[in-house]
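The chain contents come next:
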Amino acid sequence: MPGQEHSRPQRREDEPDEVPGPTPAPEAAADKEALDEDIDSVLDEIDDVLESNAEEFVRGFVQKGGQ
Amino acid sequence: MTVRRVMGIETEYGISVPGDPTANPMLLSGQVVNAYATQQGMRAAQASWDYENEAPLRDARGFEMGRQMAEASQLTDEEDPTLANVVLTNGARLYVDHAHPEYSSPEVTSPRAAVTWDRAGELVMRDAVRLLSRTGQPGVNLYKNNTDGKGASYGTHENYLMPRETPFTDIVRHLIPFFVVRQAMCGSGRVGIGTESTTAGYQIAQRSDFFEVEVGLETTLKRPIINTRDEPHAVADRYRRLHVILGDANQCDVANLLKLGTTSLVLAMIEDRALRVDLALDHPVAALRAVSHDPTLQTLVALKDGRRLTPVQLLWAYFEQVDRYLQERSPGAVDPDTAEVMSRWSSVLTRLERDPMECVRELDWVAKLSLLQSYRDRDGLEWSDSRLRAIDIQWSDVRPDKGLFNRMEQRGRIERLIDDVAVKAAMTEPPEDTRAYFRGRCLEKFPREVAAASWDSVIFDVPGHPSLQRVPMLEPLRGTRDGVGALLDQSDSAAALLEGLASASG
């Protein structure tokens with residue numbers, strides 16, 4: 001299938017970025033691990049902040065259409 | 001070729017009163033605008049909007065009629081907050097659009113600046129919420145989102161200045177496939193499938209279910225992927241303002257930068273007639289929804305030439321053409337804004353293809369999905385659970401303590417491109433390299449003498465002058481700090497400024 005010809009991602013990974021910008025992949029993976037470890041405390045924090053009556057909150061969020 | 005051009009973002013905010021779904025959103029939106037304007041020392045009607053953009057208001061007689069009407073409408077404004085409208089010193093417009101408060105950013109020239117002044121709008125709305133919560137009333141909450149999940153949608157529009165000579169048919173042909181898949185980078189995520197969330201689930205974009213046709217003039221019903229509104233707010237035979245209505249409101253800097261940046265690059269390719277691969281789709285409207293409904297990004301989009309590509313493969317097809325053209329045209333001499341967007345673009349596509357979750361710090365829909373999925377995993381929740389819909393809504397609450405995106409950002413889980421100091425400064429300071437500089441500085445220095453303003457004019461009411469004086473600004477790149485900064489600094493009155501402008505042009 002012609003669509004399968006896109007080998008771009010593989011090629012891209014091998015190429016070093018010419019300009020500094022996004023975090024390189026290894027660090028991104030490390031970041032992701034750190035984020036995963038943090039998630040329990042994130043969920044606890046969200047529990048504290050989230051509207052207590054979710055059903056009523058959702059029902060009450062009614063908007064008029066705009067553009 | 002460059003990513004840089006005159007651009008801007010208009011954002012309508014969701015609005016509600018806690019515990020009172022029947023509150024009048026028009027009145028509430030007016031209160032939002034008035035609260036912020038008053039704190040800034042302006043009345044919302046003080047520097048009102050100049051809707052006149054045809055006739056130069058030179059006829060003193062006709063003009064005085066207009067003035068009387070303006071005064072009458074000022075009085076009306078005080079009684080009718082739904083007409084509230086103010087031009088801020090940063091060059092933005094803050095007003096009531098339909099049933100929502102809207103912040104229209106000043107004109108800027110780069111995606112980075114667009115992100116900066118769009119985020120300044122978030123802080124403006126946050127200030128308004130804080131001010132309204134003080135008055136002993138239940139307060140007003142504002143949300144940087146685009147749907148209530150019950151059938152209503154409101155927009156986040158992008159504007160791009162283009163040369164008039166670029167054929168609109170070329171824009172339509174090349175932009176539709178791009179817009180169908182752009183959401184893979186720039187969608188803000190949504191709990192619920194269908195305009196009224198009749199099917200449980202998660203989708204990539206807030207707005208995609210609300211689009212019904214490929215091309216059209218409407219913005220509030222039968223929404224088109226390509227909007228044909230032709231209102232350049234600039235010299236009409238030289239410029240077109242492409243008005244893009246299908247995007248979501250972004251809170252992630254990277255997603256917002258990519259939204260403006262990649263679109264501007266695709267437009268630049270269209271202008272140069274450099275897109276040689278025809279990527280026309282079989283059924284764009286259906287594909288727009290199908291792509292949004294599949295967060296795995298594996299849905300295949302059918303091209304007219306028979307190919308079937310994933311959203312990311314189709315985005316690569318655009319990226320590759322831009323990349324190649326940049327190498328041909330200006331090898332080694334790509335400006336920093338363009339280089340940043342290209343680098344981010346390829347990085348995000350590479351990781352989206354591997355595992356979208358790798359973009360959890362950069363893209364709204366991925367960050368939101370990650371939190372929702374963690375919640376589901378912990379509590380064993382179905383997608384139909386109210387708590388997930390509540391998280392979806394509260395994600396975009398503009399308050400720093402209640403907004404879930406803001407909490408994620410405070411925990412360092414979101415990558416920022418623009419620091420808070422720059423964003424805060426952009427609440428009051430205009431961009432220096434467009435006409436927004438002149439507009440904003442006039443409002444800052446001469447708030448009493450500016451009778452009205454619009455994107456393409458500032459109208460002065462100078463003491464001692466029998467008529468109002470209109471300064472047209474039909475060239476978006478004139479009125480910059482380089483052009484008028486010194487004159488503005490020197491002028492200690494609006495009269496002196498006008499004299500200076502007259503002698504400069506005379």
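Residues numbered from 1 in each chain as written. Chains lettered and ligands numbered in written order. Predicted model: local features only at pLDDT ≥ 70, side-chain atom pairs only at ≥ 80, totals over all residues. Heavy atoms only, no water.

(A) Representation of the packing of helix α9 (residues 364-379) of chain B against helix α10 (residues 386-394) of chain B in the model. All names here are of chain B. The contact between α9 and α10 brings their axes to 11 Å, and the two run at 155 degrees. Judged by the inter-axis angle, α9 sits roughly antiparallel to α10. For the pair α9 and α10, the sense of crossing is right-handed. Of the residues in α10, those in contact with K368, L371, L372, Y375, R376 and D379 of α9 are R387, L388, I391 and D392. Residues that form the contact of α9 with α10 fall into these classes: five nonpolar, no polar and five charged. (Axes fitted to C-alpha atoms, helices over the stretch in contact; angles between N-to-C directions. Helix = DSSP H or I, 4+ residues; strand = E, 2+ residues; numbered from the N terminus. Parallel < 35°, antiparallel > 145°, perpendicular 65-115°, else oblique. Left-handed = near helix turned anticlockwise from the far one by under 90°. Contact = heavy atoms within 4.5 Å. Nonpolar A, V, L, I, M, F, W, Y, C, P; charged D, E, K, R; others polar.)

(B) Quick peek at the packing of aromatic side chains. Residues and elements named next belong to chain B. For the structure on display, the rule yields eight aromatic pairs over all chains. For the ring pair W316 and F319, a centre distance of 5.4 Å and an interplane angle of 85 degrees mean the geometry is edge-to-face. Taken together, the positions of W316 and F319, both in helix α7 (residues 311-329) and three residues apart, correspond to about one turn of that helix. Each member of the pair, W316 as well as F319, carries the same accessibility label: buried. The rings of F178, F179, W316, Y318, F319 and W345 are connected pair by pair, giving a single aromatic cluster. The lysine or arginine in question, R93, covers the ring of Y95, its NZ or CZ lying 3.7 Å from the ring centre. A cation over a ring is seen here: R378 above Y375, with NZ or CZ 4.9 Å from the ring centre. (Phe/Tyr/Trp six-rings, centres within 6.5 Å; stacked < 30°, edge-to-face > 60°. Buried < 20%, exposed > 50% of the residue type's maximum accessible area, 1.4 Å probe, protein only. Lys NZ or Arg CZ within 6 Å of the ring centre and 35° of its normal.)

(C) The pairing of strand β6 (residues 100-104) of chain B, seen in detail. Residue and element names in this part refer to chain B. Among the five residues in β6, five count as buried, and that is most of the element. On β6, burial covers both faces: H100, E102 and S104 on one face and P101 and Y103 on the other are all buried. Note: strand β1 (residues 7-12) against β6, three bridges, orientation antiparallel. Directly across from E10, in β6, lies its bridge partner S104. (Pairing = 2+ DSSP bridges.)

(D) Local environment of the interface of chain A and chain B. Contact with chain A, which involves 42 residues of that partner, is made by 64 residues of chain B. Buried area between chain A and chain B, both sides added, is near 5000 Å², and the carbon and sulfur share of it is 58%. Across the chain A-chain B interface, the total number found is six salt bridges. One salt bridge in this structure joins B:R407 and A:E45, with 2.6 Å as the shortest N-O distance. On the surface where chain A and chain B come into contact, there are 14 residue pairs in polar contact (both at pLDDT 80 or more). Of all the secondary structure elements, the ones that give two or more residues to the side of chain A that touches chain B are α1 (8-14), α2 (25-49) and α3 (54-60) of chain A. For the side of chain A that touches chain B, the residue count by class is 18 nonpolar, 10 polar and 14 charged. (Buried area = accessible area lost by both parts, 1.4 Å probe. Salt bridge = Lys/Arg side-chain N within 4 Å of Asp/Glu carboxyl O. Polar contact = N/O pair within 3.5 Å; in protein donor to acceptor, adjacent residues only side chain to side chain.)

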